[in-house]
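What follows is the residue order along each chain.
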Amino acid sequence: MSDDNKVVAEVRESFGKGAARKIRAVGKIPAVIYGHGSDPRHVTLPAHQIGLILRKANALLELDIDGKTELVLVKDVQKDPVRQIIEHLDLIVIRKGEKVQIEVPVHVTGESFSGTIADLDAKTLLLEAEATHIPENVVVDIEGLEEGAQIFAKDVELPKGSSLISDPETLVINVHVPAAGRGEGVEEEEADAEAAAEAAE
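Residues numbered from 1 in each chain as written. Predicted model: local features only at pLDDT ≥ 70, side-chain atom pairs only at ≥ 80, totals over all residues. Heavy atoms only, no water.

Colleague: I'd love a proper account of the overall build of the chain, names of residues and values included.
Modeller: Secondary structure assignment for the chain yields three helices and 13 strands. Every one of the 201 residues in the chain was classed for burial, and the buried ones make up 31%. Counted over contacts in the chain with a minimum sequence separation of 6, partners at least 24 positions apart contribute 61%. Accessible area for the chain stands at about 12300 Å²; split by element, carbon and sulfur atoms hold 49% of it. (Helix = DSSP H or I, 4+ residues; strand = E, 2+ residues; numbered from the N terminus. Buried < 20%, exposed > 50% of the residue type's maximum accessible area, 1.4 Å probe, protein only. Contact = heavy atoms within 4.5 Å. Areas by Shrake-Rupley, 256 points an atom, 1.4 Å probe, with all protein chains shown as cover.)

The following block contains the structure:
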């Protein structure tokens with residue numbers, strides 16, 4: 001695990017909405033750690049660092065709590081709907097070698113056959129993976145697929161050590177020709193816009 005995911009957590013003694021507001025005001029985030037049979041523990045974490053780590057799906061954190069290291073998986077993120085600031089985190093203690101179920105984003109590469117559109121019907125798949133080897137995404141290659149082609153969850157190549165929990169018959173990609181009446185130019189523009197958006201990412 002990279003050093004970026006090493007986070008110093010402070011044990012939290014004050015609770016309630018007022019306390020949470022004060023914590024956020026000084027650039028920290030309240031969080032609760034749920035463990036194996038142990039009582040939930042309340043901590044605060046540095047907001048900026050957590051924000052960077054959470055750009056990746058299924059972030060694993062290495063917490064330093066009073067000098068003791070613990071591995072935790074980010075289970076739930078509560079955000080302010082308007083300002084999109086992280087208000088609270090639920091964390092779950094992980095043991096090395098333990099398996100966890102996680103939603104993993106589907107990443108599409110390649111381009112389907114000219115004149116067709118490939119719809120991404122399932123943006124994530126539920127996998128089981130080792131907690132310390134959670135894949136960032138699963139990759140689906142649509143290069144050259146023709147109208148009528150469909151890719152189901154069972155067809156997706158999974159990263160080593162991961163197994164599929166989602167229904168194997170879940171439709172992930174559906175390739176079709178757009179309904180008549182939409183000019184090809186529009187479609188090409190859309191494709192160009194999508195390509196530009198992807199390049200920008």
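Colleague: Please give an account of the sheet that holds strand S11 (residues 150-152) that cites residues and values.
Modeller: Read across the sheet, three strands follow the order S8-S13-S11 without closing on themselves; strand pairing throughout is antiparallel. Looking along the sheet, the strands with just one partner apiece sit at the ends: strand S8 (117-120) and S11. Across the sheet, the mean angle separating the axes of adjacent strands is 10 degrees when strand polarity is ignored. Here S8 runs beside strand S13 (residues 171-176); their pairing, made up of four bridges, is antiparallel. Bridging from a neighbouring strand, Ile117 pairs with His176 of S13. (Pairing = 2+ DSSP bridges. Axes fitted to C-alpha atoms, helices over the stretch in contact; angles between N-to-C directions.)

Colleague: With reference to specific residues and values, describe the confidence of the model for the chain.
Modeller: Low pLDDT marks regions whose predicted coordinates should not be analysed in detail. Mean pLDDT for the chain: 85, with 87% of residues reaching 70 or above. Across the chain, S11 holds the top mean pLDDT of 97, while helix H3 (residues 184-200) sits lowest at 57. For residues 181-186, every residue scores under 50 in pLDDT, and the model assigns this stretch one contact once sequence neighbours within four places are set aside. (pLDDT = per-residue confidence, 0-100.)

Colleague: An account of the packing of aromatic side chains is requested, with residue identities and associated values reported.
Modeller: Following the criterion strictly, the structure yields zero aromatic pairs and no others. Over the aromatic face of Phe152 sits the side chain of Lys154, whose NZ or CZ is 5.8 Å from the ring centroid. (Phe/Tyr/Trp six-rings, centres within 6.5 Å; stacked < 30°, edge-to-face > 60°. Lys NZ or Arg CZ within 6 Å of the ring centre and 35° of its normal.)

Colleague: Hey, could you go over the sheet that holds strand S3 (residues 41-46) for me, with residue numbers and the actual values?
Modeller: Read around the closed barrel, the six strands follow the order S1-S3-S2-S6-S5-S4; overall the barrel is mixed. The sheet shows a mean angle of 45 degrees between the axes of neighbouring strands, taken without regard to direction. Taken together, the seven bridges between strand S5 (residues 68-79) and strand S6 (residues 86-93) define a ladder with antiparallel strand orientation. Looking at S6, one finds that Lys79 is bridged to Ile86. Against the sheet, helix H1 (residues 17-25) contacts strand S2 (28-34), S3 and S6, and its axis sits at roughly 120 degrees relative to S2.

Colleague: Would you mind going over the nonpolar core in detail, with residue names and values included?
Modeller: Of all hydrophobic cores here, the largest spans 24 residues; its most connected members are Ile102, Leu125, Val140 and Val172. A per-element tally of this core places strand S7 (residues 99-109) first, with four residues. What Ile102 contacts, discounting residues up to four positions off in sequence, is Asn58, Leu73, Leu125, Leu126, Leu127, Ala129 and Ile134. Counting residues in each nonpolar core, the second largest holds 19 residues, with Val43, Leu45, Ile86 and Leu89 among its members. (Core = buried A, V, L, I, M, F, W, Y, C linked by side-chain atoms within 4.5 Å.)

Colleague: Account for H1, naming residues and giving values.
Modeller: Where H1 is concerned, the buried positions are Ala19, Ala20 and Ile23. For H1, the buried positions fall inside an angular range of 100 degrees around the axis, keeping them on one side. Along H1, exposed side chains directed more than 90 degrees from the buried face belong to Lys17, Arg21, Lys22 and Ala25. Each element contacted by the buried residues of H1 is listed here: S2 and S3. Looking one or two places after H1, you find Gly27, whose phi comes out positive at around 80 degrees. (Arc of directions from axis to C-beta.)

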